[in-house]
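Here is how the chains run, residue by residue.
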Amino acid sequence: MDAPLRRIELVSGNIVTLKVDAIVNAANTTLLGGGGVDGAIHRAAGPALQEECRALGGCRTGEARLTRGHRLPAGHIIHTVGPVYRDGAHGEPELLRSCYQHALAIAAREKFKSIAFPAISCGAYRYPAREAADIAVSTVLGFLAKNEFPERVIFCCREEEVFDAYQQRIEQADLA
Ligand code: AR6
């Protein structure tokens, strides 16, 4: 197994274009679609995704559910629901960490080689980018240290501020 840091990658752009075993969706508890990355994924995957999601009956904040990728280049979608950020003292860090843990656990169970995450909660749910990047990178590195799958984790950031926060956090891990 390669060192965890060698198994992560940071890219900028649109997550729906990535040809990986699974992309992660920053959904809401209904799993029926919305704006942001959720809207982009539902548009690109096509209406059969909503049908599959409807049958799941929703998802609690901090948990995750698996569907097929439908028209996406990605084989599957792992839908997770991030916390709405209030002040950081209402369980937000634990819930955000739980999103990454649950999504990674599904990827490990399914033996997915590659998985791509958006910056969960960093848009409509207003999580501060640096704090979210810290949780995302530390949780993923911790998981990879103990698990063979997924082999590769991509962080896909659309906004420059969020990309920069991830880049800084990854550099910090590289120096440690
Ligand atoms: N590819 C990669 N990243 C993206 C894309 C994309 N196509 N589109 C947006 N982002 P958000 P949240 C970034 O709001 O904060 C939805 O309506 C975006 O710039 O998509 O978890 C759901 O239905 C930001 O950095 O998700 C929920 O109701 C990050 O993805 C709610 O929004 C997350 O922003 C979830 O809010």
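Residues numbered from 1 in each chain as written. Predicted model: local features only at pLDDT ≥ 70, side-chain atom pairs only at ≥ 80, totals over all residues. Heavy atoms only, no water.

A short note on the site of the ligand
Taken together, 20 residues surround the ligand, and among them N14, N28, G35, V37 and D38 come closest. V37 is positioned such that a nitrogen or oxygen atom in its backbone is 2.8 Å from an oxygen atom of the ligand. At 2.8 Å from an oxygen atom of the ligand is found a main-chain nitrogen or oxygen belonging to A124. Relative to its unbound accessible surface of 700 Å², the ligand loses 90% to contact with the protein. Every element with two or more residues in the shell around the ligand is listed here: β2 (22–27) and α1 (36–45). With four residues, the single largest contributor to the shell around the ligand is α1. In terms of residue class, the shell around the ligand is made up of nine nonpolar, eight polar and three charged. (Near = heavy atom within 4 Å. Polar contact = N/O pair within 3.5 Å; in protein donor to acceptor, adjacent residues only side chain to side chain. Areas by Shrake-Rupley, 256 points an atom, 1.4 Å probe, with all protein chains shown as cover. Helix = DSSP H or I, 4+ residues; strand = E, 2+ residues; numbered from the N terminus. Nonpolar A, V, L, I, M, F, W, Y, C, P; charged D, E, K, R; others polar.)

Some remarks on helix α5 (residues 160–175)
If you check α5, its first and last C-alpha atoms are 22 Å apart, about what 16 residues at 1.5 Å a residue would give, namely 22 Å. In this structure, the buried side of α5 is in contact with β1 (8–12), α3 (92–109), α4 (129–146) and β6 (152–157). (Expected span 1.5 Å × (residues − 1). Contact = heavy atoms within 4.5 Å.)

Let's talk about the environment of S138
If you trace the backbone, S138 turns up in helix α4. Residue classification places S138 among the partly exposed residues on the basis of a relative accessible area of 23%. Counting along the chain gives 124 residues from S138 to N14, while the straight-line C-alpha distance between them is 23 Å. Residue contacts for S138: discarding those within four places in its chain leaves R97 and R169. (Buried < 20%, exposed > 50% of the residue type's maximum accessible area, 1.4 Å probe, protein only.)

Considering the nonpolar core
Formed by 41 residues in total, the largest nonpolar core has its most connected members in I78, Y100, F117, V140, V153, F155 and Y166. Looking at this core, the elements with two or more residues in it are β1, β2, α3, β5 (114–117), α4, β6 and α5. In terms of residues, this core owes the most to one element, α4, which gives 10 residues. Once residues lying within four places of it in the same chain are set aside, the contact partners of Y100 are F117, P118, A119, I120, A136, T139, V140, F155 and Y166. (Core = buried A, V, L, I, M, F, W, Y, C linked by side-chain atoms within 4.5 Å.)

A word on the pairing of strand β4 (residues 76–81)
Most of β4 sits inside the fold, with five of its six residues counted as buried. Relative to β4, β2 runs parallel, the two sharing six bridges. When the bridges of β4 are listed, A27 appears paired with V81. As paired strands, strand β3 (residues 64–68) and β4 are joined by five bridges and run antiparallel to one another. Bridging across to β4, A64 finds its partner in T80. (Pairing = 2+ DSSP bridges.)

Overview of the packing of α4 against α5
In a packed pair of helices, the relevant descriptors are the angle between the two axes and the axis-to-axis distance. With their axes 9 Å apart at the nearest point, α4 and α5 run at an angle of 45 degrees to one another. Comparing the axis directions of α4 and α5 gives the class oblique. Judged by the twist between their axes, the crossing of α4 over α5 is right-handed. Across from A129, R130, A133, D134, A136, V137, S138 and L141 in α4, the residues of α5 making contact are E161, V162, A165, Y166, Q168, R169, I170 and A173. Along the lines of polarity and charge, the residues of the contact of α4 with α5 split into 10 nonpolar, two polar and four charged. (Axes fitted to C-alpha atoms, helices over the stretch in contact; angles between N-to-C directions. Parallel < 35°, antiparallel > 145°, perpendicular 65-115°, else oblique. Left-handed = near helix turned anticlockwise from the far one by under 90°.)

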